[in-house]
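Single-letter residue listing:
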Amino acid sequence: SFLCGAFAVGAMACLYWSGSKGGWLLALAAGLIVLLNQNLSKQLKLALVCSVLVIGGTGFIWKYAGFFQRGATSVVARFDYWEAAWKTAVTRPFLGSGPGTFGVVYAQIKRPESEMARLTHNDYLQQASDSGFPGLAAYVLFISGMVWVGYASWRHDRSPVRLGIWVGLLAWALQAFGEFTLYVPSLAWTAFAFAGWLLGSVKP
């Protein structure tokens, strides 16, 4: 319990200091998943879920109202990156443009008003751009398999520690749709270390 609490406090501190909009929404989703997998009555679960949605949603709107009023520029920029990555994958479907070359390709095809970026801000599209559709398929299969087997590991004994680690891995995999978590060593190493522990403890 102490270990889970310590990680939770650290995660909330990172969420507060980073100002991540996607992280806020993922934290809400993770909290809901944990609540729904507790041994509680349906009425209590419903009350808690509604409370989390109302409080978390209100806090999100209050904190980031100015961001959306300014046009959500980072969201718009991401669509530019994703479009470029997809075009690269379609143009070079089997091998992509090569590992770590998104920035080079994007500089050649981006619109003049678009912001420059070295990474796609989507780990899945990054694989498609860098390694083609075979690389994308292999990565999606690997990540989805890791999440599925990790869930099966938790279902075996319903350990709260396993649930916490699995929810964290699921949130990491989902965050990769809008960030480059695979390319931040401290995040990737931590995720794969916990995944290894979780998968290694699966009962035959």
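Our subject is the structure listed above.
Residues numbered from 1 in each chain as written. Predicted model: local features only at pLDDT ≥ 70, side-chain atom pairs only at ≥ 80, totals over all residues. Heavy atoms only, no water.

### Comments concerning the overall build of the protein chain
Per the secondary structure count, the protein chain includes 8 helices and 0 strands. The helix and strand sequence of the protein chain, counted from the amino end, reads α-α-α-α-α-α-α-α. Relative to all contacts within the protein chain whose residues are 6 or more apart in sequence, the contacts with residues 24 or more apart total 66%. Here the protein chain displays about 12,300 Å² of accessible surface, and carbon together with sulfur accounts for 72% of that area. (Helix = DSSP H or I, 4+ residues; strand = E, 2+ residues; numbered from the N terminus. Contact = heavy atoms within 4.5 Å. Areas by Shrake-Rupley, 256 points an atom, 1.4 Å probe, with all protein chains shown as cover.)

### Let's talk about the pattern of salt bridges
Within the structure shown, the criterion is met by 4 salt bridges. A salt bridge links Arg78 to Glu179; its shortest N-O distance comes to 2.6 Å. In this pair, Arg78 is assigned in helix α4 (residues 73-91) and Glu179 in the loop between α7 (160-175) and α8 (185-200), connecting sequence segments 101 residues apart. Accessibility expressed as a relative area gives 16% for Arg78, which makes it buried. Take Glu179: its relative accessible area is 24%, and that puts it in the partly exposed class. Note that Lys87 is salt-bridged to Glu83, the shortest N-O span being 3.3 Å. (Salt bridge = Lys/Arg side-chain N within 4 Å of Asp/Glu carboxyl O. Buried < 20%, exposed > 50% of the residue type's maximum accessible area, 1.4 Å probe, protein only.)

### Points about the packing of aromatic side chains
All chains considered together, the criterion is met by 11 aromatic pairs. Seen in terms of ring centroids, Phe79 and Trp82 are 5.2 Å apart; in terms of plane orientation they differ by 70 degrees. Their pairing is edge-to-face. With Phe79 and Trp82 both in helix α4 and 3 residues apart, this pair spans about one turn of that helix. Judged by its relative accessible area of 21%, Trp82 falls in the partly exposed class. Ring geometry for Tyr151 and Trp166: centres 4.9 Å apart, planes at 50 degrees, overall tilted. Within this pair, whereas Tyr151 is found in helix α6 (residues 123-157), its partner Trp166 is found in helix α7, the two being separated by 15 residues in sequence. With relative accessibility at 8%, the residue Trp166 sits in the buried group. (Phe/Tyr/Trp six-rings, centres within 6.5 Å; stacked < 30°, edge-to-face > 60°.)

### Brief notes about the nonpolar core
Tyr124, Ile143, Trp166, Leu169 and Trp172 are the most contacted members of the largest nonpolar core, which totals 23 residues. If you look at the next biggest cluster of nonpolar residues, it comprises 8 residues, including Ala84, Ala85, Phe102 and Ala117. (Core = buried A, V, L, I, M, F, W, Y, C linked by side-chain atoms within 4.5 Å.)

### Comments concerning a nonpolar patch on the surface
Together, Leu40, Leu44 and Leu48 line one region of the surface with nonpolar side chains, adding up to about 210 Å² of accessible area. Residue placement: Leu40 occurs in the loop between α2 (21-36) and α3 (42-69). Since its relative accessible area comes to 34%, Leu40 is described here as partly exposed. (Patch = residues over 30% accessible without salt bridge, like charges linked within 9 Å, V, L, I, M, F, W, Y side chains within 5 Å.)

### Some words on unusual backbone geometry
Positioned with a positive phi, His121 is a non-glycine residue whose angle comes to about 60 degrees. On the secondary structure map, His121 appears in the loop between α5 (102-109) and α6.

### A look at the packing of α6 against α7
Where α6 contacts α7, the two axes come as close as 10 Å, and the packing angle between them is 165 degrees. Viewed along their axes, α6 and α7 adopt a mutual orientation that is roughly antiparallel. The way α6 lies across α7 gives a crossing that is left-handed. In this structure, α6 uses Tyr124, Tyr139, Ile143, Met146, Val147, Gly150, Tyr151, Ser153, Trp154 and Asp157 to contact α7, whose residues at the interface are Arg162, Leu163, Trp166, Leu169, Leu170, Trp172 and Ala173. Of the residues assigned to the contact of α6 with α7, the class counts are 13 nonpolar, 2 polar and 2 charged. (Axes fitted to C-alpha atoms, helices over the stretch in contact; angles between N-to-C directions. Parallel < 35°, antiparallel > 145°, perpendicular 65-115°, else oblique. Left-handed = near helix turned anticlockwise from the far one by under 90°. Nonpolar A, V, L, I, M, F, W, Y, C, P; charged D, E, K, R; others polar.)

### Digging into α7
In an α-helix, one turn spans 3.6 residues; hence positions three or four apart end up facing the same way. Here α7 contains 16 residues, and its C-alpha end-to-end distance of 22 Å stays within 8% of the 22 Å for a straight helix at 1.5 Å per residue. At the N-terminal end of α7, a side-chain oxygen is found 3.3 Å from the backbone nitrogen of Val161, two or three residues along, and the residue is Ser159. (Expected span 1.5 Å × (residues − 1). Polar contact = N/O pair within 3.5 Å; in protein donor to acceptor, adjacent residues only side chain to side chain.)

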